[in-house]
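Fold and contact review
Residue strings, one per chain:
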Amino acid sequence: MTSNDPPPEYSEVEDSFTDVELHDVKVENGVHDTTEDTIKVKDTEAQNKDKGQVKEKPTVSKTKNSKMAALKQTVRPCLRKANPLPENPTVCDKIKDMFLLPPHGIVGFILQITIICLQIWGILAAITGSEAMPGGNFFSLLVLFVLCVIGGRLISLAKLPPLLGMLIVGVLLRNVPGIKIVGESIDAKWSGHLRKLALTVILLRAGLGLDIVKLRKLSFAVLRLAFTPCLCEAITVGIVSHFLLGFPWTWSLMLGCILGALSPAVTVPSLVSLQDRRFGVAKGIPTMCLAAGGLDNVLSVTGFAVFVGIIFSEGDMAVTIIKGPLGALLGIVYGFVAGIMLWYLPGKDSSNSLFYRGMLLFGCGLIAIFGSSAVSLSGAGPLGCLTTATVAAYKWRLQRQPGESDDLGGVIALAWLIVQHFLFGLIGAAVDISNIQPNTAGLGIATLFIGLCVRSAVSFSVTIGTGFNLKERIFITLTWLSKATVQAAIGGLALDKALEGDNQDDIRMGTDVLTIAVLAIVICAPVGATCMGIFGPRFLAHGDEEEVRVECGGSVTSSSESACHKESEIKPECRKMQ
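Residues numbered from 1 in each chain as written. Predicted model: local features only at pLDDT ≥ 70, side-chain atom pairs only at ≥ 80, totals over all residues. Heavy atoms only, no water.

**Some remarks on the overall build of the protein chain**
Summing up its helical and strand segments, the protein chain has 22 helices and 2 strands in all. Within the protein chain, the fraction of its 578 residues that count as buried is 43%. Counting every atom, the protein chain has about 30200 Å² of accessible surface; 65% of that belongs to carbon and sulfur. (Helix = DSSP H or I, 4+ residues; strand = E, 2+ residues; numbered from the N terminus. Buried < 20%, exposed > 50% of the residue type's maximum accessible area, 1.4 Å probe, protein only. Areas by Shrake-Rupley, 256 points an atom, 1.4 Å probe, with all protein chains shown as cover.)

**What about the packing of aromatic side chains?**
One pass over the full model with this rule turns up 9 aromatic pairs. Each ring, one from Phe-355 and one from Tyr-356, has its centre 5.3 Å from the other, and the planes form 75°; the classification is edge-to-face. Arranged with centres 6.2 Å apart and planes meeting at 75°, the rings of Trp-416 and Phe-424 form a pair that is edge-to-face. Pair check on accessibility: Trp-416 and Phe-424 agree, each one buried. (Phe/Tyr/Trp six-rings, centres within 6.5 Å; stacked < 30°, edge-to-face > 60°.)

**Things to note about the nonpolar core**
If you look at the biggest cluster of nonpolar residues, it comprises 115 residues, and the most contacted ones within it are Trp-251 and Met-254. Here this core gets 15 residues from one element, more than from any other, and that element is helix H21 (residues 504-539). In contact with Trp-251, other than residues within four places in its own chain, are Ile-311, Phe-312, Ala-494, Asp-506, Met-509, Gly-510 and Val-513. (Core = buried A, V, L, I, M, F, W, Y, C linked by side-chain atoms within 4.5 Å. Contact = heavy atoms within 4.5 Å.)

**Digging into the layout of surface pockets**
Volume-wise, the second largest pocket comes out at about 610 Å³. What lines the second largest pocket is a set of 26 residues, and nearest its centre among them are Ala-188, Arg-195, Leu-495, Asp-496 and Leu-499. By residue number, the principal contributor to the lining of the second largest pocket is helix H7 (residues 188-209), which donates 7 residues. Here the lining of the second largest pocket is composed, by residue class, of 11 nonpolar, 7 polar and 8 charged. (1 Å grid on protein atoms, 1.4 Å probe; cavity = no way out; pocket = protein on both sides within 12 Å on 5 of 7 lines; lining within 4 Å. Points joined across faces, edges and corners; volume = space filled by probe spheres on them. Nonpolar A, V, L, I, M, F, W, Y, C, P; charged D, E, K, R; others polar.)

**So, the side chain of Thr-479**
Residue placement: Thr-479 occurs in helix H18 (residues 470-479). Ignoring any residue separated from it by four or fewer positions in sequence, one finds Thr-479 in contact with Leu-262, Thr-267, Leu-271 and Met-532.

**A look at the pattern of salt bridges**
Under the criterion given, the structure shown has 10 salt bridges. Among the ionic pairs, Arg-174 bridges to Asp-432, the shortest N-O distance being 4.0 Å. Here Asp-432 lies in the loop between helix H16 (407-429) and helix H17 (438-462) and Arg-174 lies in helix H5 (residues 162-175), a separation of 258 residues in the sequence. Under the relative-accessibility criterion, Asp-432 is labelled partly exposed at 21%. Via salt bridges that share partners, Glu-233, Asp-296, Arg-455 and Lys-483 belong to a single interconnected network. (Salt bridge = Lys/Arg side-chain N within 4 Å of Asp/Glu carboxyl O.)

**Observations regarding a nonpolar patch on the surface**
Taken together, the side chains of Ile-332, Phe-336, Ile-340, Met-341, Tyr-344, Leu-345 and Leu-360 define a hydrophobic patch exposed on the protein surface, amounting to about 600 Å² of accessible area. For the nonpolar patch, the element with the most residues is helix H13 (residues 317-344), which contributes 5 residues. On the accessibility criterion, Met-341 (35% relative accessible area) is partly exposed. (Patch = residues over 30% accessible without salt bridge, like charges linked within 9 Å, V, L, I, M, F, W, Y side chains within 5 Å.)

**Section: helix H3 (residues 105-128)**
An α-helix turns once per 3.6 residues; consequently, residues spaced three or four apart project the same way. Taking 1.5 Å per residue as the helical rise, H3 with its 24 residues ought to reach 34 Å, and the 34 Å between its terminal C-alpha atoms agrees with that figure. When H3 is considered as a whole, its buried residues turn out to be Ile-106, Gly-108, Ile-113, Cys-117 and Ala-125. Just past H3, the residue Gly-129 takes up positive phi, approximately 75°. (Expected span 1.5 Å × (residues − 1).)

**Here's the deal with unusual backbone geometry**
When glycine is set aside, most residues are seen to have a negative phi, and most peptide bonds are trans. Cis geometry is found at the peptide bond from Leu-101 to Pro-102, where omega equals -5°. Tracing the chain through its elements places Pro-102 in the loop between helix H2 (91-98) and H3. Here the amide bond leading from Leu-345 into Pro-346 is cis, since omega sits at -5°, within 30 degrees of zero. Inspection of the secondary structure assignment puts Pro-346 in the loop between H13 and helix H14 (353-374). We note that Asn-352 has phi near 55°; this positive angle belongs to a residue other than glycine. Here Asn-352 is to be found in the loop between H13 and H14. Residue classification places Asn-352 among the exposed residues on the basis of a relative accessible area of 56%.

**Examining the environment of Thr-390**
Structurally, Thr-390 is set in helix H15 (residues 380-399). Placed 187 residues apart in sequence, Thr-390 and Leu-203 show a C-alpha to C-alpha distance of 9.6 Å. Ignoring any residue separated from it by four or fewer positions in sequence, one finds Thr-390 in contact with Gly-207, Leu-210 and Ile-212.

**Describing the state of the cysteines**
Considering all chains together, one arrives at 0 disulfides under this definition. The cysteine Cys-257 is free of any disulfide, with Cys-230 supplying the nearest cysteine sulfur at 7.2 Å. According to the relative accessible area criterion, Cys-257 is buried, its value standing at 10%. (Disulfide = S-S within 2.5 Å.)

**A few points about empty space enclosed by the protein**
Rolled over the atoms, a probe with the dimensions of a water molecule shows which regions are left empty. Here the structure, examined in full by the defined rule, presents 3 cavities of 30 Å³ or more. In this model, the largest cavity occupies a volume close to 160 Å³. Around the largest cavity, the lining comprises 15 residues; the ones closest to its centre are Lys-196, Val-308, Ser-373, Ser-378 and Leu-493. At the level of elements, H7, helix H12 (285-311), H14, H15 and helix H20 (493-499) are the ones that each hand at least two residues to the lining of the largest cavity.

**A short note on the packing of H7 against H14**
Any two packed helices are characterised by how steeply their axes cross, that is the angle between the axes, and by the distance between the axes. Two numbers describe how H7 lies on H14: the axes approach to 10 Å, and their chain directions differ by 130°. Between H7 and H14, the crossing angle belongs to the class labelled oblique. Note on packing geometry: the crossing formed by H7 with H14 is right-handed. Of the residues in H14, those touching H7 at His-193, Lys-196, Leu-197, Leu-199, Thr-200, Val-201, Leu-203, Leu-204 and Leu-208 are Leu-361, Phe-362, Gly-365, Leu-366, Ile-369, Phe-370 and Ser-373. Considering only residue class, the contact of H7 with H14 consists of 11 nonpolar, 4 polar and 1 charged. (Axes fitted to C-alpha atoms, helices over the stretch in contact; angles between N-to-C directions. Parallel < 35°, antiparallel > 145°, perpendicular 65-115°, else oblique. Left-handed = near helix turned anticlockwise from the far one by under 90°.)

**Quick notes on the confidence of the model for the protein chain**
Residues of the protein chain with pLDDT of at least 70 account for 80%, and the chain-wide mean is 80. Taken as a whole, residues 7-14 scores under 50 in pLDDT and shows 2 contacts with residues more than four places along the chain or in a different chain. Note that pLDDT drops below 50 for residues 49-57; the model gives that stretch 0 contacts with residues more than four away or on any other chain. (pLDDT = per-residue confidence, 0-100.)

**Here's the deal with the packing of H12 against H18**
One can describe the packing of H12 onto H18 by two numbers: an axis separation of 11 Å at closest approach and a directional angle of 30°. In this view, H12 runs roughly parallel relative to H18, as classed from their interaxial angle. When the axes of H12 and H18 are compared, the crossing they make is right-handed. Mapping the contact onto sequence places Ile-285, Met-288 and Cys-289 in H12 and Glu-472, Phe-475 and Ile-476 in H18. Tallied by class, residues from the contact of H12 with H18 come to 5 nonpolar, no polar and 1 charged.

This is the structure we're talking about:
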């Protein structure tokens, strides 16, 4: 053994370490091989499981499809798509179709209104507490609104004005035992304010519909039809009610102004329907009636405003007499100032100009109605509101492009669709049948009948020599019988004003005026709508626009003249009138 060789003990140790390393390598290789084999086995098992699941999927899918098919088969009798109406459905078929799914028609309408009102009720209950509970003011108003919506929709199925159903619902909620707690729980102040709100919407809508430029082009026959029947009926009712009902002259003439107004809520839908179906357009009868009806309302509201100012003014007789016309004049001045302001506000560079224009217009109208009552000039409010919308609409029409729709008019129309339920429902709920004297109801109906006879005779007379035949003149006379909107809007204002004081005579006469106004609506609204619906297609000739153009461009008789409007202004129709 040389000096460089390791000792024997080191060689043995080295050999033992070498054996250990070789053994470890073998073990590691074995573990590695085992691990790879295990992974392969697991992969194979996973693939087998996947294959097994793939094989099981069709079974699960078939089960789901069978359950879905069974569910569809179960609900199939309830689906409208699977059960269409036959060509000639019976009443039972129609009733069954109403309740099929998904909700549609009147059932769907009632369901969506009910859900919306429940949401509103929940919000009010969280905010006001007891006021939104049964017996509270807000709860009663909400119930009134929902039932008026349903009542109006149901009565429209009978081809009657929806407002009649709303009015009947209001009367029932105030007078039927068991449910009259709803009508009795409505706060009088809230009722008055909501009716004033509805009056604001009515007057704004009427003002936006009055075109000053077109009114200047109307012939004298339209002006006669607008003012003469209304004025004669108002005077007749004033005289008759003074002697029959014992009203003072101011109260009787105010009642005449209330009953002398035509109802746009009844006449406008019927006349537009006839116009769309081309009945009477050759002579422009629907358009003439629409224009004259708007002026009729202006005269009635003006007269009412003057007499309300006289009746409830305080001071000596000279101040009382002057205060009525002065209030009307101040209302007109306010309307011009506010209307001109709306020509320039909002600015042309304003975003959402429709929203701001609507808010400004509505605010001006509300200030006119509520502000005039606050300063004891009740007569100024209606005229101020009406004039504001008329003056503002004059400039807006000039700025509108040809063929551009009146978006603001659509917004006001939508607001009217909402507030009309409160207006007619609250008017009905203000009538307590137990407090109505039979003599008052009977004499009130007699007064109404006499006034309608005079109005009909005058309406028939003013159309003489206008180029209309006998049937067309009879139709115009029947159209002039409708009463509803203005009577509901202003019929209760005198009572509201009387309740602010302590004069029992004023309260009694205000109650009588409201009762007669409600009777006028109940009697005249369905009669007017039915007459226009039945006699319109029978008495008016069916014509188209080409006939109108020929009449406008050709010769006319010496006893009549034609007035045509361009298509950009109104629908192309010609009116043969004196």
